[in-house]
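Below are the chains, spelled out letter by letter.
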Amino acid sequence: MTPPTPLIAGNWKMNGTGQALGEARAIAEAATAAGVRLALCPPATLVERMSRETAGSKLEIGGQDCHSEAAGAFTGDVSAEMLVEAGARLVILGHSERRAGHGESDATVAAKVSAALRVGLEPIICVGETRAEREEGRALAVVTRQIRGSLPAELSGKAFTVAYEPVWAIGTGLTPTLEDITEVHHAIRATLKDMFGAEGAAPAILYGGSVKPGNAAEILALPEVGGALVGGASLKAADFLAIVAGAPKA
Ligand code: 13P
């Protein structure tokens, strides 16, 4: 099976108003020459405008979460159907800030993944251990459990991406050693193959957590790393494109 096309995705989290759309336009202009897939996941309020303003480019737009239901009495939530209508092609699901801050279980994440598939959104499913779990030697067990619980069987044969984001590396400037990233990515790949057979070789496995222009090239050069999920450094086109420049080309 051919290796997955690398994906570098920016997660703007709860950052960005209309003033920030210039950054997205600059990234969109560079997307054709990037040699990898590029995506930006802005807050829900910007998905439609960002999609419109970057239409015709190779930049893909995504949401940061979706509800499992298509519609209903769920105040504050956004459905997969709504994201698609706004122009999204991807959606981040199971981010640790949702798991920890909004009580999302593996089963909740799996239901959201099913919702994304229902409308043809490509899910980026996030997993990762806390600092305590790593210190207790449980990182591989936790990540493997999250993969098994958050990925429904119907993902088989569908386009999806997994992102390994150690909770303790997010927004802290800390990153795991290259050996530790490799070890976890190996475990994720083995679990995907166990769950989906040969098709488990297809999804890209991204690394996320304090990816910056200064460390991206060495992380992205790891054979097991199929791209990056970038938080803070995706808010400025210059930083994001410096990360992209360090990626091996597909
Ligand atoms: P930072 O790159 O800001 O550490 O955030 C990573 C992240 O959570 C991306 O989803």
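Just so you know, the residues in each chain are numbered from 1, in the order the chain's sequence is written. Reporting of local features is limited, given that this is a predicted model, to residues whose pLDDT is at least 70; pairs of side-chain atoms are given and counted only at 80 or more, and all residues count toward the totals for whole chains, interfaces and linings. The basis for the side-chain values is all heavy atoms of the structure; hydrogens and waters are excluded.

Peer 1: Go over the environment of Ser156 with me, naming the residues and quoting the values.
Peer 2: Every helix listed is a DSSP run of H or I at least four residues long, and every strand listed is a run of E at least two residues long, numbered separately from the N terminus. Along the chain, the position of Ser156 falls in the loop between helix 7 (139-150) and strand 6 (161-164). Taking the C-alpha atoms as reference, Ser156 lies 24 Å from Arg98; in sequence the two are 58 residues apart. Should any heavy atoms of two residues lie within 4.5 Å, those residues are counted as being in contact. The contacts of Ser156, once residues within four sequence positions are left out, are Phe196 and Glu199.

Peer 1: Now, about the site of the ligand: what can you tell me, with residues and values included?
Peer 2: Inspection of the region around the ligand gives 13 residues, with Lys13, His95, Glu165, Gly171 and Ser210 positioned closest. Nitrogen and oxygen atoms within 3.5 Å of one another constitute a polar contact, given that in protein one can donate a hydrogen and the other can accept it, and given that sequence-neighbouring residues count only through two side-chain atoms. In the model, an oxygen atom of the ligand is placed 2.6 Å from a nitrogen or oxygen of the Gly171 main chain. Here the ligand has 310 Å² of accessible area as a free molecule, and 97% of this is covered by the chains. Side-chain classes are defined by residue name, with Ala, Val, Leu, Ile, Met, Phe, Trp, Tyr, Cys and Pro counting as nonpolar, Asp, Glu, Lys and Arg as charged, and the others, Gly among them, as polar. Across the shell around the ligand, the residue classes tally to 4 nonpolar, 7 polar and 2 charged. Whether a residue is near a molecule or strand depends on its heavy atoms: if one lies within 4 Å, it is near. Only the protein chains shown count as cover for residues, with accessible areas throughout obtained via the Shrake-Rupley method and a probe of 1.4 Å.

Peer 1: I'd like a description of helix 1 (residues 21-31), backed by residues and values.
Peer 2: Listed as buried for helix 1 are Leu21, Ala24, Ile27, Ala28 and Ala31. Relative to the axis of helix 1, the buried residues are bounded by an arc of 115° and lie together on one face. Residues of helix 1 that are buried in the fold lie against strand 2 (37-41), helix 2 (44-53) and helix 10 (237-245). Residue exposure (1.4 Å probe, protein chains only): buried if accessible area is under 20% of the type maximum, exposed if over 50%, otherwise partly exposed. Arc, as used here, means the arc of the directions from the helix axis to the C-beta atoms.

Peer 1: Which residues make up the packing of aromatic side chains, and what values do they have?
Peer 2: In this analysis, rings of Phe, Tyr and Trp, with Trp reduced to its six-membered ring, are considered paired at centre separations within 6.5 Å, and the interplanar angle assigns stacked below 30 degrees, edge-to-face beyond 60, and tilted for intermediate values. Taken as a whole and assessed by the stated rule, the structure comprises 2 aromatic pairs. Ring geometry for Tyr164 versus Tyr207: centroids 6.2 Å apart, planes at 65°, classification edge-to-face. With Tyr164 in strand 6 and Tyr207 in strand 7 (residues 205-208), this residue pair connects regions lying 43 residues apart in the sequence. The residues Tyr164 and Tyr207 share a single accessibility class, namely buried.

Peer 1: Could you give an account of the packing of helix 9 (residues 213-220) against helix 10, naming the residues involved and the relevant values?
Peer 2: Inter-axis angles, ranging from 0 to 180 degrees, are taken between N-to-C directions of lines fitted to C-alpha atoms, where helices are fitted over the stretch in contact. Look at helix 9 against helix 10: their axes get within 8 Å of each other, and the N-to-C directions meet at 25°. By the criterion of interaxial angle, the relationship of helix 9 to helix 10 is roughly parallel. Between helix 9 and helix 10 the crossing geometry is right-handed. The residues of helix 10 that touch helix 9, namely those facing Pro213, Ala216 and Leu220, are Asp239, Ala242 and Ile243. Class assignment for the residues of the contact of helix 9 with helix 10 results in 5 nonpolar, no polar and 1 charged. Should an angle fall under 35 degrees it is called roughly parallel, over 145 degrees roughly antiparallel, and 65 to 115 degrees roughly perpendicular, with every other angle called oblique. When the near helix sits turned anticlockwise from the far one by under a right angle, the crossing is termed left-handed; a clockwise turn instead gives a right-handed crossing.

Peer 1: So what's going on with the sheet that holds strand 5 (residues 122-127)? Residues and values would help.
Peer 2: As summarised here, the arrangement of the 8 strands in space is 1-2-3-4-5-6-7-8, forming a closed barrel in which the pairing is parallel. Each neighbouring strand pair of the sheet contributes to a mean axis angle of 25°, computed without reference to strand direction. Pairing between two strands is assigned when DSSP locates at least 2 bridges connecting them.

Peer 1: I'd love a proper account of the side chain of His67, names of residues and values included.
Peer 2: Along the chain, His67 turns up in the loop between strand 3 (60-63) and helix 3 (80-85). A relative accessible area of 16% places His67 in the buried class. A polar contact is formed between the side chain of His67 and the backbone nitrogen of Glu69, at a distance of 2.9 Å. Those residues in contact with His67 that lie beyond four places of it in its chain are Phe74, Asp77, Val78, Ser79, Ala80, Lys112 and Ala115.

Peer 1: Could you give an account of the pairing of strand 3, with specific residues and numbers?
Peer 2: Of the two faces of strand 3, the one lined by Glu60 and Gly62 and the one lined by Ile61 and Gly63 are each fully buried. Two elements, strand 2 and strand 3, share 2 bridges in a ladder whose sense is parallel. Opposite Leu40, over in strand 3, you have Ile61 as the bridge partner. Regarding topology, helix 2 serves as the crossover connection from strand 2 to the parallel strand 3, and that connection is right-handed. Each parallel crossover has a hand, and for strand 3 linked through helix 3 to strand 4 (residues 90-93) it is right-handed. A clockwise path from the first strand over the helix to the second, with the strands pointing away from the viewer, defines a right-handed crossover.

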